[in-house]
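A structural walkthrough
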Amino acid sequence: MSTTVDQSTLPPVPRCSMLYSIKEYYYAIRPNLPKFTEKDYPDLSDKLAIVTGMNTGIGYEVCKLLLAKNCTVIGVVRTQSRGDLAAENLIKETQVSKEKLQIIAGCDFTKFETVKQTGLSLQNKLEGKTINLIIHNAGLMSSRNDLSNEDGIEAMFATNVMGPQLLQHFLDPLFLKKDSSLKRIVWVSSLAHFSSPSNYGVNWDDPTYKDVSSRPSSSVLYGQSKAINIYQAKIWADLNHADKYGIISTSCFPGILKTELTRDYSFVVKNIAKRLFWDSKYGAYSELYAALSPDLSKQGEYVVPFGEVHEPREDIKLGLSNGAGLKIWEYVEEQIKQYF
Ligand SMILES: NC(=O)c1ccc[n+]([C@@H]2O[C@H](COP(=O)([O-])OP(=O)(O)OC[C@H]3O[C@@H](n4cnc5c(N)ncnc54)[C@H](OP(=O)(O)O)[C@@H]3O)[C@@H](O)[C@H]2O)c1
């Protein structure tokens, strides 16, 4: 299987404004306060949401807010015990019945066979039911650039890009239906996409960076994965004619938040995060703006904290419609199709 993507057909990369990047970084530090919060959410009694990576951080807070509005939530997690503990705490905190929150564990986004098994379990569980929200929230931001999965694929690319696209493949037949007026997908991205490679955000010579010695810094690797999340939101919608089903698919940078995302960073970084970053609940406001706000109607919009739409970096914005996003989507499909 080729690891290189032919980029010769892509238009020249536009010049990206440094000023715009600085503005967006500044905004991320001092975002506007959330306007769309629990007081504005509709009752979600007959709605069902799938949230990945909900045992901690933003995902946990997203579930808490959804459960408080009576939504049924299926949490997809990697580790059973972490999922069960989160479920126990969420049920205690929200006082909802146990049936409202179910955990599907064992989904490790770096191990594609486990993602396939999770997809099949979800198909069994949800056959005939309406899925209203899918929040691809699970994610890895490592300080290391040498982590790989068992196939040698760089770990952040596997976790943040390939895993969600594979899981979505199994959800598509259940989700692509015109069966509710509320149907959304949120692909959780990041401001870090500004540090992705300058050529439409992707290292086209080998997006999976199998050659460890060729890898750039961990921040560029994370940035690439998060740039691709922005593409996934739009390309998934285009390829699946999301409009036809009334589905809206967006990407979302949730904010700079106190979560476990910096878990393998130094003591100093963790301390800065603890003191300066926003509480994780604010990240949930961003994701739930993307999931619930009636203001959103366009496919592939980029939601920023704590519930606004901005534009991504210029080349990524262009790549949403000029073939770059489609190219990387198709490349990922090629890499994961053996699990279909
Ligand atoms: N926090 C921020 O400032 C920030 C900023 C921008 C974007 N984001 C994005 O927001 C999302 C949520 O992150 P967070 O801040 O809430 O981080 P977090 O507290 O570390 O939560 C990450 C979640 O993803 C799960 N996860 C990580 N690797 C996985 C794997 N290989 N397979 C399955 N699940 C995996 C974790 O499960 P385990 O507990 O089992 O590891 C956890 O449930 C991520 O996509 C992140 O990139 C966060």
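Residues numbered from 1 in each chain as written. Predicted model: local features only at pLDDT ≥ 70, side-chain atom pairs only at ≥ 80, totals over all residues.

**Section: the overall build of the protein**
When you go through the protein residue by residue, the secondary structure sums to 11 helices and 10 strands. Taken over the C-alpha trace, the protein has a radius of gyration of 19 Å; the compact-globule value for 340 residues is 20 Å, and the two agree within 12%. (Helix = DSSP H or I, 4+ residues; strand = E, 2+ residues; numbered from the N terminus. Rg over C-alpha atoms; globule rule 2.2 N^0.38 Å.)

**Considerations on helix α11 (residues 324-336)**
End to end, α11 covers 19 Å across 13 residues, agreeing with the expected 18 Å (1.5 Å per residue, within 8%). Looking at the buried residues of α11, the elements they touch are α4 (112-126), α5 (155-175), α6 (218-239) and α10 (314-319). (Expected span 1.5 Å × (residues − 1). Contact = placed C-beta atoms within 7 Å.)

**Focus: the sheet that holds strand β2 (residues 72-76)**
Read across the sheet, eight strands follow the order β3-β2-β1-β4-β5-β6-β9-β10 without closing on themselves; strand pairing throughout is mixed. The sheet terminates laterally at β3 (101-104) and β10 (308-310), the two strands that pair on one side only. For this sheet the average axis-to-axis angle between neighbouring strands, irrespective of direction, equals 25°. (Pairing = 2+ DSSP bridges. Axes fitted to C-alpha atoms, helices over the stretch in contact; angles between N-to-C directions.)

**Remarks on the packing of α5 against α11**
Two elements in contact, α5 and α11, have axes separated by 10 Å at closest approach and are oriented at 75°. In terms of axis orientation, α5 runs roughly perpendicular to α11. On α11, the residues that touch Val161, Met162, Gln165 and Leu166 of α5 are Val332, Gln335 and Ile336. In terms of residue class, the contact of α5 with α11 is built from five nonpolar, two polar and no charged. (Parallel < 35°, antiparallel > 145°, perpendicular 65-115°, else oblique. Nonpolar A, V, L, I, M, F, W, Y, C, P; charged D, E, K, R; others polar.)

**Focus on the site of the ligand**
Near the ligand you find 28 residues, and of these Gly53, Gly57, Gly139, Thr259 and Glu260 are the closest. In terms of residue count, helix α2 (residues 57-68) provides more of the shell around the ligand than any other element does, three residues in total. Residues that form the shell around the ligand fall into these classes: 12 nonpolar, 12 polar and four charged. (Near = placed C-beta within 6 Å.)

**Description of the pairing of β3**
With four bridges connecting them, β2 and β3 associate as parallel partners. Across the sheet, the residue bridging to Ile74 is Gln102, located in β3. What joins β2 to β3 is helix α3 (residues 80-94), and the crossover it makes is right-handed. (Right-handed = clockwise from strand over helix to strand, strands pointing away.)

**Focus on the nonpolar core**
It is characteristic of soluble globular proteins that their nonpolar side chains tend to be buried jointly. The biggest cluster of nonpolar side chains holds 95 residues, and the ones touching the most others in it are Val62, Cys63, Leu66 and Val73. Here this core gets 11 residues from one element, more than from any other, and that element is α5. (Core = buried A, V, L, I, M, F, W, Y, C linked by C-beta atoms within 7 Å. Buried ≥ 20, exposed ≤ 12 C-beta atoms within 10 Å, placed from the backbone.)

Purely spatial values, then, with no claim about function.
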